[in-house]
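An overview of the molecular structure
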Amino acid sequence: MIRKRPALIARCTDVADVIAAVAFAREQKTALSIRGGGHNGGGLGLCDGGVAIDLSRMRGVRVDPVARTVRVAGGSVWGDVDHATHAFGMAVPSGIISTTGVAGLTLGGGIGHLSRRFGLTIDSLLAVDMVLADGRFVTASEQEYPDLFWAVRGGGGNFGVVTSFLFRAHPVDTVIGGPTLWPVERATEVMQWYREFILAAPEELGGFFAFMTVPPAPPFPEALHLKKMCAVVWCYSGDPARADEVFAPVRALNPLVHGVQPMPFPMLQTAFDALYPPGHQWYWRADFVNELSDAAIAKHAEFAERMPTMQSSMHMYPIDGAVHRVGPHDTAFSFRDVKWAEVIVGVDPSPANAQAITTWTKDYWEALHPYSAGGAYVNFMMDEGQERVQATYRDNYARLAEVKSQYDPENLFRINQNIRPAAKGAAARPH
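For the structure given in this document, a descriptive report is provided here.

So, how was this worked out
- Residues numbered from 1 in each chain as written.
- Predicted model: local features only at pLDDT ≥ 70, side-chain atom pairs only at ≥ 80, totals over all residues.
- Heavy atoms only, no water.
- Helix = DSSP H or I, 4+ residues; strand = E, 2+ residues; numbered from the N terminus.
- Rg over C-alpha atoms; globule rule 2.2 N^0.38 Å.
- Buried < 20%, exposed > 50% of the residue type's maximum accessible area, 1.4 Å probe, protein only.
- Contact = heavy atoms within 4.5 Å.
- Areas by Shrake-Rupley, 256 points an atom, 1.4 Å probe, with all protein chains shown as cover.
- Lys, Arg positive; Asp, Glu negative; His and termini not counted.
- Charge placed at Lys NZ, Arg CZ, Asp CG, Glu CD.
- Phe/Tyr/Trp six-rings, centres within 6.5 Å; stacked < 30°, edge-to-face > 60°.
- Lys NZ or Arg CZ within 6 Å of the ring centre and 35° of its normal.
- Pairing = 2+ DSSP bridges.
- Axes fitted to C-alpha atoms, helices over the stretch in contact; angles between N-to-C directions.
- Core = buried A, V, L, I, M, F, W, Y, C linked by side-chain atoms within 4.5 Å.

Turning our attention to the overall build of the protein chain. When helices and strands are tallied, the protein chain shows 12 helices and 18 strands. A globule of 431 residues ought to have a C-alpha radius of gyration of about 22 Å, and the protein chain, at 21 Å, matches this closely. Summarising its shape, the C-alpha atoms of the protein chain cover approximately 60 × 50 × 40 Å along the three principal directions. Per-residue burial for the protein chain yields a buried fraction of 59% across its 431 residues. Considering only residue pairs separated by 6 or more positions, the protein chain has 73% of its internal contacts joining residues 24 or more positions apart. Total accessible area on the protein chain stands at roughly 17000 Å², and carbon and sulfur atoms take up 52% of it. In the protein chain, 38 side chains carry a positive charge and 44 a negative one; their mean positions are 4 Å apart.

Laid out in structure tokens, this is it:
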């Protein structure tokens, strides 16, 4: 789906390489893109005719089990982090697929299985090492460059190349997780139940709602292969003795499959890797959602019946709980008041189906957008224009533009969900 050809790919192995690549792009006045884990659906890790900084050789994780911190190199993927932290009975809140890049997911906010309990990934971020547009190498944290640290927590790759992250880790070892499946014909009933259940559930329970087509492979029963379903994928990280009580209302809804069991957290994180390998056709659109109304549910049920390919899906990630305990202006991520992050994805291995998955995704999104909160999780957006970016950051956008003008006044880092530098002399909004 993405056909971009950079003039130069800088396969960096250390910070010195990143400094050199940034300097070269700046001096040549050429486009510059940053590729971390290579997971961006909109293709914003690449550029045409310019310089692409590829961090994939800068992988590495160091866990400090005493301080409960994790240092992660900028080209790492979450599978690297999960592998290293699990040995110490810890985890960093991340996404739902282990091949996701640490950098992209973190800088956009970070939504996944542990969000309700521990917040967004950025809520566990302690510091970042960065190469700035002018070639400086800085560490940003609450103590140093606090304005820059505020901006990178949700503001994406607009402010520099992050070469390493320092995270706080949390006690997560064995979780009780997996999918529960119902026939897609019960979508209205299940969604109405889910919207009430998940928001009242203990914060130790994560569970994202999904429409899916059952893959023709174990562990799913053969009779269900390639059937359209509605599902919730669970992750319970609380007291195992309470698990039966927590899941009792789920079982009471008579699912066709209740594939929930104890497992190491990295096992849950890798559960979808084989279903979504690199290289497939992808098109996605997203929204934040505050209310899942009956009218919206009716639209969801309609488009679920029309999923065009086996891997196409819709997910609704609950982002209440700990996410709501951080203020909308405490980080660049402004939608701290909504209940779900919704993403609609058309996916297929064949280029012949590119148009079908794109059309279904766009039509689905346009039908549901009127029921949304207005903006979207930047990591689930295509290249959708400046108005959409501003809607996502709301009243944090003006402050982000000010920080951008201080650290990247020429907008060198613009191949992203771009925040344009504030005009010189522009009045700052209060924050």
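Having seen the structure, we can now continue with the description.
Attention now goes to the packing of aromatic side chains. Per the stated rule, a full pass over the model turns up 23 aromatic pairs. Between Phe197 and Trp234 the ring centres are 5.8 Å apart and the planes differ by 90°, which places this aromatic pair in the edge-to-face class. Taken together, the residues span a long stretch of sequence, with Phe197 in helix H6 (residues 187–200) and Trp234 in strand E13 (residues 228–236) at a distance of 37 residues. What makes Trp234 buried here is its relative accessible area of 0%. With a centroid separation of 4.9 Å and an interplanar angle of 40°, the aromatic rings of Phe208 and Tyr317 are classed as tilted. Within this pair, whereas Phe208 is found in strand E12 (residues 205–213), its partner Tyr317 is found in strand E17 (residues 313–318), the two being separated by 109 residues in sequence. The pair Phe208 / Tyr317 is uniform in exposure class, with both members buried. Pairwise contacts between aromatic rings join Phe208, Phe272, Tyr276, Trp282, Trp284, Phe288, Tyr317, Phe333, Phe335, Tyr377 and Phe380 into one cluster. Between the NZ or CZ atom of Arg285 and the centre of the ring of Trp365, over which it lies, the distance is 4.3 Å.

Let's shift gears to the sheet that holds strand E2 (residues 32–35). Taken in spatial order, the three strands make up an open sheet running E1-E3-E2, and their pairing is parallel. Of all the strands in the sheet, the pair left with one neighbour each is strand E1 (8–11) and E2. The sheet shows a mean angle of 20° between the axes of neighbouring strands, taken without regard to direction. Here E1 runs beside strand E3 (residues 51–54); their pairing, made up of four bridges, is parallel. Bridge pairing in E3 links Ala10 to Ile53. Lying on the sheet, helix H1 (residues 15–28) is in contact with E1, E2 and E3; it crosses E3 at an angle near 165°.

Let us look at the sheet that holds strand E7 (residues 125–131). Pairing within the open sheet is antiparallel, and its five strands lie in the order E4-E5-E9-E7-E8. Edge strands, defined here as strands with exactly one partner in the open sheet, are strand E4 (61–64) and strand E8 (137–141). Pairwise comparison of adjacent strand axes, ignoring direction, gives a mean angle of 15° for this sheet. Pairing of E4 with strand E5 (residues 69–73), which is carried by four bridges, proceeds in the antiparallel orientation. Bridge pairing in E5 places Asp64 opposite Thr69.

Core analysis: the largest hydrophobic core is formed by 69 residues, its most contacted members being Met130, Leu148, Phe159, Phe165 and Phe167. In this structure Leu148 touches Met130, Leu132, Val138, Ala140, Phe159, Val403 and Tyr407, once residues within four positions along its chain are discounted. In this structure, Trp182, Val289, Met307 and Leu368 belong to the second largest nonpolar core, which totals 41 residues.

A few words on the pairing of strand E16 (residues 281–289). For E16, the tally of buried residues reaches nine of nine residues, placing the bulk of the element in the interior. On E16, burial covers both faces: Gln281, Tyr283, Arg285, Asp287 and Val289 on one face and Trp282, Trp284, Ala286 and Phe288 on the other are all buried.

What follows concerns unusual backbone geometry. Here the amide bond leading from Pro218 into Pro219 is cis, since omega sits at 10°, within 30 degrees of zero. On the secondary structure map, Pro219 appears in the loop between E12 and E13.

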